[in-house]
Amino acid sequence: MAAYRYCEAVTALQARNFSYGIRLLPEPKRLGMSALYALARRVDDIGDGELSAERKTELLRQTRELLDEVRLGTVSEEDTDPIKVALADTARRFPLDLGGFDELIDGVEMDLKGVEYQTFEDLKVYCRCVAGSIGRLSLGIYGSENPKLGAEYADTLGLALQLTNILRDLREDALNGRVYLPTEDLVRFGCEQGFALDRPPVGADFTGLIAFEAERAQEAFADGLRLLPLLDRRSRACTAAMAGIYHRLLGRIAAEPESVLRGRVSLPGWEKAYVALSGLAGGRS
């Protein structure tokens, strides 16, 4: 249980939006989701940290070895890595497709290589790795009336969340030398010169670009939220809360596109809590 408490502490401290949803789950599922998040956070932190590319690659390799231990069932309860212990216990309790974590690592390795995405189809591969994978892992804990269809919807909902993240973090990523929006879209809207400034590129249709990408995200939300009826009430509330927070963020960005160049768009805590409670009450927020 101490291993799970560590994962819960990581989630409460670092999951600004995620934690609002998983609070709505019964304890066994809440603990399992905390274990999933804690390992996903570790992988993300490796990719976003200040270490050398070689050291990051080594740490990602070690994480793949951790996953192999979990698959083989060789993790001891006395292991000194609480995330590994919690994940191993979660994998015994729930039918997790641990390959989702391998996909997440694949996505982080794309970042380390500085991969750029020429088309939207290229970007969807990345989004599947870093977001859809977590949705499919979560489905193993939630359970679903139709696992195959549920996985498809979870993947699409992950795409919606990641597209929202990409829009929200547009300038922050640009300052870190990362570009996620498809090159063909940047060219179409005259934004090839990037987003390192706190104002739109000269002569660009920046508003048109954001509206175009926001509409894509909106379509993914509409399709992905078809997952909700396939879940039990508490799992549905958890998913609705997390999706609802990101959906509101998307609405803010679409209403004021240039806000993403001035800083990270976010919701106040009271509004996140409202969305979570709305999800518990049965709404989509």
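Just so it is clear, the model here is predicted, and its values are computed rather than measured.

Draft legend 1. Structural view of the overall build of the chain. Helix and strand counts for the chain stand at 13 helices and zero strands. Helices and strands in the chain line up, N terminus first, as α-α-α-α-α-α-α-α-α-α-α-α-α. Its C-alpha radius of gyration of 19 Å places the chain within 12% of the 19 Å reference for a compact globule of 285 residues. The 285 residues of the chain split such that 52% are buried.

Draft legend 2. How the structure looks around empty space enclosed by the protein. A full pass over the atoms with the stated rule returns one cavity of 30 Å³ or more. Lining of the largest cavity is provided by I166, L170, D173, A174, R178, V179, Y180, L181 and F195. Ranked by residue count, the leading element in the lining of the largest cavity is helix 9 (residues 170–175), at three residues. In terms of residue class, the lining of the largest cavity is built from seven nonpolar, no polar and two charged.

Draft legend 3. The arrangement of the nonpolar core in detail. Grouped together as the largest cluster of nonpolar side chains are 91 residues, with contacts concentrated most on L87, F101 and L123. Per-element accounting of this core gives the leading share, 11 residues, to helix 7 (residues 120–142). When residues no more than four places from it in sequence are discounted, the contact partners of L87 are A35, L36, L39, L66, L67, V70, L96, L98 and F101.

Draft legend 4. Region of the structure containing helix 11 (residues 206–224). In this model, helix 11 (19 residues) spans 27 Å end to end at C-alpha, consistent with the 27 Å of a helix rising 1.5 Å per residue. When we look at burial in helix 11, the residues that qualify are F206, G208, L209, I210, E213, A214, R216, A217, A220, F221 and G224. Against helix 7, helix 8 (147–168), helix 9, helix 10 (183–188) and helix 12 (233–255) lie the buried residues of helix 11.

Draft legend 5. Up close: the packing of helix 3 (residues 27–48) against helix 5 (residues 82–93). Where helix 3 contacts helix 5, the two axes come as close as 9 Å, and the packing angle between them is 135°. Taken together, the axis directions place helix 3 and helix 5 in an arrangement best described as oblique. In the crossing of helix 3 with helix 5, the sense of the turn from one axis to the other is left-handed. When helix 3 is examined against helix 5, the residues G32, A35, L36, A38, L39 and R42 are found in contact with a partner set consisting of I83, A86, L87 and T90.

Draft legend 6. Here's a closer look at helix 4 (residues 53–72). For helix 4, which comprises 20 residues, the first-to-last C-alpha distance of 29 Å matches the rise-based estimate of 28 Å (1.5 Å per residue) to within 8%. Within helix 4 the residues assigned to the buried category are K56, L59, L60, T63, L66, L67 and V70. Buried positions in helix 4, seen along its axis, are confined to an arc of 105° and lie on one side of it. Seen from the open side of helix 4, the exposed residues pointing more than 90 degrees away from its buried face are E54 and L72. Lining the buried residues of helix 4 we find helix 3, helix 5 and helix 6 (99–113). Of the residues trailing helix 4, G73 is marked for its positive phi of about 70°.

Draft legend 7. Fine view of the packing of helix 1 (residues 2–14) against helix 5. One way to put it is that helix 1 packs onto helix 5 with a least axis distance of 8 Å and a crossing angle of 105°. Compared by their axis directions, helix 1 and helix 5 come out roughly perpendicular. Residue-level inspection shows A3, Y4, Y6 and C7 of helix 1 in contact with helix 5, the latter providing P82, I83, V85, A86, D89, T90 and R93. For the contact of helix 1 with helix 5, a count of residues per class yields eight nonpolar, one polar and two charged.

Draft legend 8. Structural view of the environment of A237. Along the polypeptide, A237 turns up in helix 12. Remark: the alpha-carbon pair of A237 and Q118, spanning 119 residues in sequence, is separated by 36 Å.

Draft legend 9. Geometry of the environment of G203. Its location among the elements puts G203 in the loop between helix 10 and helix 11. Taking the relative accessible area as the measure of exposure, G203 reaches 81% and is therefore exposed. C-alpha of G203 to C-alpha of G190: the two residues are 13 residues apart in sequence and 7.0 Å apart in space.

Parameters and conventions
- Residues numbered from 1 in each chain as written.
- Predicted model: local features only at pLDDT ≥ 70, side-chain atom pairs only at ≥ 80, totals over all residues.
- Heavy atoms only, no water.
- Helix = DSSP H or I, 4+ residues; strand = E, 2+ residues; numbered from the N terminus.
- Rg over C-alpha atoms; globule rule 2.2 N^0.38 Å.
- Buried < 20%, exposed > 50% of the residue type's maximum accessible area, 1.4 Å probe, protein only.
- 1 Å grid on protein atoms, 1.4 Å probe; cavity = no way out; pocket = protein on both sides within 12 Å on 5 of 7 lines; lining within 4 Å.
- Points joined across faces, edges and corners; volume = space filled by probe spheres on them.
- Nonpolar A, V, L, I, M, F, W, Y, C, P; charged D, E, K, R; others polar.
- Core = buried A, V, L, I, M, F, W, Y, C linked by side-chain atoms within 4.5 Å.
- Contact = heavy atoms within 4.5 Å.
- Expected span 1.5 Å × (residues − 1).
- Axes fitted to C-alpha atoms, helices over the stretch in contact; angles between N-to-C directions.
- Parallel < 35°, antiparallel > 145°, perpendicular 65-115°, else oblique.
- Left-handed = near helix turned anticlockwise from the far one by under 90°.
- Arc of directions from axis to C-beta.

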